[in-house]
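Residue strings, one per chain:
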Amino acid sequence: MEIRLQLSDKVYQQLVASGKRIQGSLGLVSPTEGNFNAHVRHAVPDDDDMTHKMAHGRIRISNRRTSVRLWFDHEQELIDVPMAIEREGREASGFAYQIEMINAI
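This one's a predicted model, so the numbers in the text were calculated from it and none came from an experiment.

**Points about helix α2 (residues 81–104)**
End to end, α2 covers 34 Å across 24 residues, agreeing with the expected 34 Å (1.5 Å per residue, within 8%). Residues of α2 that are buried make contact with β4 (50–54), β5 (57–61) and β6 (66–70).

Now the structure itself:
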């Protein structure tokens, strides 16, 4: 059986340049035609990453970027989400300030 696949230009160029497999999924439009969608690859963390875990998330600081992620389980009844965001925001900014001071030395 033959199936015609449609690839994005970016995926095709990556396939030709690397010569390696690309993981993804197929979406069949008909029994003989389909589209290929490459799986998303997340960036490899920098060697200089500094991470601080908090009760509901973490802050990560590197030379290129700073990110703060928080997540809350809405089924958890004993948490006041706005207060937790404020508290953990202060904790994250304190950590960022400490890293800034260390790098300034």
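**Concerning the sheet that holds strand β3 (residues 33–38)**
Pairing within the open sheet is mixed, and its three strands lie in the order β1-β3-β2. Both edges of this open sheet fall to β1 (4–6) and β2 (24–30), since each of them pairs with a single strand only. For this sheet the average axis-to-axis angle between neighbouring strands, irrespective of direction, equals 30°. The pairing of β1 with β3 spans three bridges and is parallel. Within β3, the residue paired with L5 across the bridge is G34.

**Some thoughts on helix α1 (residues 9–18)**
With one of ten residues buried, α1 lies mostly on the surface of the structure. Where α1 terminates, the next one or two residues include G19, which has phi positive at roughly 70°.

What counts and how
- Residues numbered from 1 in each chain as written.
- Predicted model: local features only at pLDDT ≥ 70, side-chain atom pairs only at ≥ 80, totals over all residues.
- Heavy atoms only, no water.
- Helix = DSSP H or I, 4+ residues; strand = E, 2+ residues; numbered from the N terminus.
- Expected span 1.5 Å × (residues − 1).
- Contact = heavy atoms within 4.5 Å.
- Pairing = 2+ DSSP bridges.
- Axes fitted to C-alpha atoms, helices over the stretch in contact; angles between N-to-C directions.
- Buried < 20%, exposed > 50% of the residue type's maximum accessible area, 1.4 Å probe, protein only.

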